[in-house]
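# Descriptive analysis of the structure
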Amino acid sequence: MASAEQIKALLKSHMNGDDSHFLSVAMQVAAHEAKLGHGKLAEELRDMVDAAKARRPHGQSGKLVQLSQPRGELASLLSVSYPATRVVDMVLDQSIENQLHRIIKEQRLFAKIREHGLSPRRKLLLVGPPGSGKTMTASALAGELGIPLFLVRLDALITKFMGETAAKLRQVFDSIAEVRGVYFFDEFDAIGSQRGLANDVGEIRRVLNSFLQMIEHDHSNSLIIAATNHPEILDHALFRRFDDVIEYKLPGQDQVATLLNRRLGRFKSKEFNMKQAVDEAEMLSYAELCRAVDESIKEVILRDGDSVSETSLIDMLDERKLISAKLNGNNNYYNKELPNNDGTGKQ
Ligand SMILES: Nc1ncnc2c1ncn2[C@@H]1O[C@H](COP(=O)(O)OP(=O)(O)OP(=O)(O)O)[C@@H](O)[C@H]1O
């Protein structure tokens, strides 16, 4: 139930005609209900807010008041957003989609799970090539659960001063315990690399040890998501600290076709040869495919055309391939096996 203060805030913004504030308080009520484990109610409220926002005239999207804006030093360590992304916005293979739905279900009903002395899945490791949807997944989980997404800024977290990084990490974990949200550690290999690496410095080893202890002792209701493109250099001790490891891959032919269809939307020409485009898209990431489609739509707009043909899309796909070959080099390590949860590396 909304608190008296929240009802007062709703009435006040209604009387002042402050639509943005009204919706942000409604989101606050939704986040509060989600925190109490009333997932269905929270989702219903959030859907109503989304619908209200969608009905606003163009240009009045209104900026949501940041409800859980980190303060003080935390502000430099965490950046917060309230994503509207949903799992259905993503193109995924069935097994990943199932994994995500399971996590969402456990999160929505976490109070029920905790009543039985169990804990929902909430410490996740996402591994896979660049542009495969790891960050988007963190947004979609926050969007589905109606809770804030906190990006942990590793550049601000990792300093060269002895002990400072671990102290900052402590602050992040304190926030994880205090404010329910999705906490996303991108490029996690920066702190999670194997302790024995020759070029490793002592401070990074200490940080990794601190992280291992902190994640082990964390019993909060937040989701902790770490993502990396380099699972092969992660310390094996890390794998068993996570409740779930989700492995992302480059899109297969079905996923490419779905993504191209969705992204091209009304710009897809009637005689568009999807098979030819899909064949040409091999080895490109989701992000690169999106980019190629956007570029080809832009090209249509600039020449006052009305649709994208497969040949113009193929040109853009080829351009992406060239750029990607230059930037990414070789990603062969995705063919290697990941260590299993006992850290032995055997599957
Ligand atoms: N599975 C997907 N379905 C639909 N769009 C996707 C998917 N994956 C990526 N995209 C598109 O590509 C963009 C970039 O993806 P994202 O940042 O999630 O990749 P990432 O795996 O986190 O990459 P990096 O490792 O470089 O951080 C997304 O904002 C989205 O537009």
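This one's a predicted model, so the numbers in the text were calculated from it and none came from an experiment. (Residues numbered from 1 in each chain as written. Predicted model: local features only at pLDDT ≥ 70, side-chain atom pairs only at ≥ 80, totals over all residues.)

### Here's the deal with the site of the ligand
Just so we agree on the cut-off: The rule is simple: place the C-beta atom from the backbone, and if it lies within 6 Å of a molecule or strand, the residue is near it. Only runs of H or I of at least four residues qualify as helices and only runs of E of at least two qualify as strands under DSSP, and these elements are numbered from the N terminus. Residues are sorted three ways: Asp, Glu, Lys and Arg are charged, Ala, Val, Leu, Ile, Met, Phe, Trp, Tyr, Cys and Pro are nonpolar, and all the rest, Gly among them, are polar. Here the limits of each domain have been adopted from an automatic or database domain assignment.
If you check the shell around the ligand, you find 17 residues, and the closest are Pro130, Gly133, Thr135, Tyr286 and Ala287. Breaking the shell around the ligand down by element, the ones donating at least two residues are helix H7 (134–145) and helix H15 (286–302). When grouped by side-chain class, the residues that make up the shell around the ligand number 10 nonpolar, 5 polar and 2 charged. Built from parts of two domains, the shell around the ligand gets at least three residues from each of domain 2 (74–249) and domain 3 (253–328).

### Considerations on the nonpolar core
This is how the line gets drawn: Any set of buried Ala, Val, Leu, Ile, Met, Phe, Trp, Tyr and Cys residues joined through C-beta atoms within 7 Å is what this text calls a nonpolar core. We call a residue exposed when 12 or fewer other C-beta atoms sit within 10 Å of its C-beta, buried when the count reaches 20 or more, and partly exposed for counts in between; the C-beta positions come from the backbone. By the convention adopted here, residues are in contact when the distance between their C-beta atoms, placed from the backbone, does not exceed 7 Å.
Of all hydrophobic cores here, the largest spans 72 residues; its most connected members are Val182 and Ile225. Looking at which element gives the most residues to this core, the answer is helix H2 (residues 19–35), with 9 residues. Setting aside its immediate chain neighbours within four residues, Ile225 contacts Leu124, Leu126, Ala138, Val182, Tyr183, Phe184 and Phe185.

### Concerning the packing of helix H13 (residues 253–264) against H15
Basically, it comes down to this: For helices, the axis comes from a line fit to the C-alpha atoms of the stretch in contact; other axes are also lines fit to C-alpha atoms, and the angle between any two N-to-C directions lies between 0 and 180 degrees. It is the rotation of the near helix from the far one that decides the hand of a crossing: anticlockwise by less than a right angle makes it left-handed, clockwise makes it right-handed.
Two numbers describe how H13 lies on H15: the axes approach to 10 Å, and their chain directions differ by 35°. In this structure, H13 crosses over H15, and the sense of that crossing is right-handed. Residues Val256, Leu259, Leu260, Arg263 and Leu264 of H13 lie in contact with H15, whose contacting residues are Tyr286, Leu289, Cys290 and Val293. Partitioned by chemical class, the residues of the contact of H13 with H15 number 8 nonpolar, no polar and 1 charged.

### Some points on the domain arrangement of the protein
One can read the domain layout of the protein as domain 1 (4–55), domain 2 (74–249) and domain 3 (253–328). Here the C-alpha centre of domain 2 lies 27 Å away from the C-alpha centre of domain 1. Counting residues at the interface gives 13 residues for domain 1, matched by 12 residues for domain 2. Elements with a minimum of two residues in the side of domain 1 that touches domain 2: H2 and helix H3 (39–55). Its residues placed into classes, the side of domain 1 that touches domain 2 shows 6 nonpolar, 2 polar and 5 charged.

### Overview of the packing of helix H5 (residues 94–108) against H7
At a closest axis distance of 10 Å, the pairing of H5 and H7 adopts a crossing angle of 35°. H7 is crossed by H5, and the crossing has right-handed handedness. Contacts from Leu100, Ile103, Ile104 and Gln107 of H5 reach H7 at Thr137, Leu141, Glu144 and Leu145.

### Overview of the confidence of the model for the protein
Using the following cut-off: A residue's pLDDT is simply how confident the predictor is in it, with values from 0 to 100.
Chain-level pLDDT for the protein is 83 on average; 84% of the residues reach the 70-or-more range. Across the protein, the secondary-structure element scoring lowest on mean pLDDT is H3, at 77, and the one scoring highest is strand S2 (residues 123–127), at 97. Contacts for the low-pLDDT stretch residues 57–66, under 50 throughout, to residues beyond four places or in other chains number 13 contacts. Of the regions scoring below 50 in pLDDT, residues 330–347 engages in 24 contacts with residues more than four places distant in sequence or in other chains.

### Digging into the sheet that holds strand S5 (residues 223–228)
Which entries qualify depends on this criterion: By definition, two strands form a pair when at least two bridges between them are found by DSSP.
Read across the open sheet, the 6 strands follow the order S1-S3-S4-S5-S2-S6; overall the sheet is mixed. Edge positions in the sheet fall to strand S1 (78–81) and strand S6 (244–247), since each has one partner strand and no second. Along the sheet, successive strands turn relative to each other by an average axial angle of 20°, direction set aside. Sheet topology places S2 next to S6; 4 bridges connect them, and they run parallel. Bridging across to S6, Leu125 finds its partner in Val245.

### Focus on the environment of Ala227
With respect to the secondary-structure elements, Ala227 resides in strand S5. C-alpha separation for the pair Ala227 and Gln213, spaced 14 residues apart in sequence, amounts to 19 Å. Not counting chain neighbours up to four residues away, the residues in contact with Ala227 comprise Leu126, Lys134, Thr135, Asp186 and Phe188.

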